Amino acid sequence: MMLRWLVIAHVLGATIWVGGHLILAIRYLPKALKEKDISPVVDFEKHYEALGLPALFLQIITGIWMASIYQIKWFSFDTVQYSIINLKLILLITTLLLALHVRIVILPELTPKKLPMLALHIILVTVIAVAMLYLGLSFRLGL
Ligand code: HEM
């Protein structure tokens, strides 16, 4: 019963995290690049952040909780299940590092010149988010 609610919370978090990044990457980023104007991306980030960060936090808490229910061995790639979850962990750490780099290095001094650098980060985080979703489903369906 508990697992059911953890999966529901985890999938709800996934819709916000993956959906938000797809909207940013497909809708707002091309507009910003085309117009050489940072405001579409900065405005979206400002509104999305309050929802996106708690969603990612929810993913992490529910994900680690479910992994402990499934008795996943951390940092082990001995079984398909262990590999899937530990790969997710590596992708999560990569996401956090990319997000920190954006927050600390890129955003405070963002100019239209730095847009391609920001675009690269947004595209990477989006591709990783979709990969996390694929790996999540692979836990039940197989790779
Ligand atoms: C952006 C981050 C993440 C996304 C988009 C994501 C997405 C998903 C999705 C769509 C599922 C499939 C649910 C199902 O079919 O039952 C899933 C399952 C799962 N995820 Fe994640 N996940 C993320 C992060 C994490 C993290 C950080 C962990 C733990 C380290 C984790 C652990 C799990 C586990 C254990 C399952 C299997 C649950 C089950 O099927 O019973 N996830 N994830």
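Our structure's up above, just so we're on the same page.
Residues numbered from 1 in each chain as written. Predicted model: local features only at pLDDT ≥ 70, side-chain atom pairs only at ≥ 80, totals over all residues. Heavy atoms only, no water.

Caption draft 1: The arrangement of the coordination of the iron atom of the ligand in detail. At the metal site, the iron atom of the ligand is ligated by His10 (NE2) and Lys88 (NZ), and these contacts range over 1.8 to 2.0 Å. Viewed at the metal, the 6 donor atoms of the iron atom of the ligand are separated by angles of 81 to 178°, and the geometry they form is octahedral. Residue His10 is found in helix α1 (residues 2-35), and its partner Lys88 is found in helix α3 (residues 80-106); the two are separated by 78 residues along the sequence. For the pair shown, His10 and Lys88 are each scored as buried. (Donors = N, O, S within 2.8 Å, 3.2 Å for Na, K, Ca; no water. Tetrahedral: all angles 85-135°; square planar, octahedral: opposite > 155°, others 65-115°. Helix = DSSP H or I, 4+ residues; strand = E, 2+ residues; numbered from the N terminus. Buried < 20%, exposed > 50% of the residue type's maximum accessible area, 1.4 Å probe, protein only.)

Caption draft 2: Just the pattern of salt bridges, in detail. Per the counting criterion, the structure on display carries 3 salt bridges. Here Lys31 ties to Glu35 by a salt bridge, and the two come within 3.6 Å at their closest N and O atoms. Placement of the pair is Lys31 and Glu35 together in helix α1, with a separation of 4 residues, close to one helical turn. Take Lys31: its relative accessible area is 33%, and that puts it in the partly exposed class. Note that Glu49 is salt-bridged to Arg103, the shortest N-O span being 2.6 Å. With Glu49 in helix α2 (residues 39-69) and Arg103 in helix α3, this residue pair connects regions lying 54 residues apart in the sequence. (Salt bridge = Lys/Arg side-chain N within 4 Å of Asp/Glu carboxyl O.)

Caption draft 3: Representation of the nonpolar core within the structure. Trp17, Val41, Ile72, Ile85, Leu118 and Ile122 are the most contacted members of the largest nonpolar core, which totals 32 residues. Elements with a contribution of two residues or more to this core: α1, α2, α3 and α4 (115-141). Here this core gets 10 residues from one element, more than from any other, and that element is α4. Other than its neighbours up to four places away in sequence, Ile85 contacts Ala67, Ile72, Trp74 and Phe139. (Core = buried A, V, L, I, M, F, W, Y, C linked by side-chain atoms within 4.5 Å. Contact = heavy atoms within 4.5 Å.)

Caption draft 4: Summary view of the site of the ligand. Neighbouring residues of the ligand: 24 residues in total, closest His10, Gln59, Tyr70, Lys88 and Arg140. Taking His10, its side chain carries an N or O atom lying 2.8 Å from a nitrogen atom of the ligand. Gln59 places a side-chain nitrogen or oxygen 3.4 Å from a nitrogen atom of the ligand. Breaking the shell around the ligand down by element, the ones donating at least two residues are α1, α2, α3 and α4. No other element matches the 7 residues that α4 contributes to the shell around the ligand. (Near = heavy atom within 4 Å. Polar contact = N/O pair within 3.5 Å; in protein donor to acceptor, adjacent residues only side chain to side chain.)

Caption draft 5: The arrangement of the packing of α1 against α4 in detail. At a closest axis distance of 10 Å, the pairing of α1 and α4 adopts a crossing angle of 150°. By the angle between their axes, α1 is roughly antiparallel relative to α4. α4 is crossed by α1, and the crossing has left-handed handedness. Between α1 and α4, the residues in contact are Val7, Trp17, Val18, His21, Leu22, Leu24, Ala25, Leu29, Ala32 and Leu33 and Leu115, Pro116, Ala119, Ile122, Ile123, Val125, Thr126, Ala129, Val130, Leu133 and Arg140, respectively. Considering only residue class, the contact of α1 with α4 consists of 18 nonpolar, 2 polar and 1 charged. (Axes fitted to C-alpha atoms, helices over the stretch in contact; angles between N-to-C directions. Parallel < 35°, antiparallel > 145°, perpendicular 65-115°, else oblique. Left-handed = near helix turned anticlockwise from the far one by under 90°. Nonpolar A, V, L, I, M, F, W, Y, C, P; charged D, E, K, R; others polar.)

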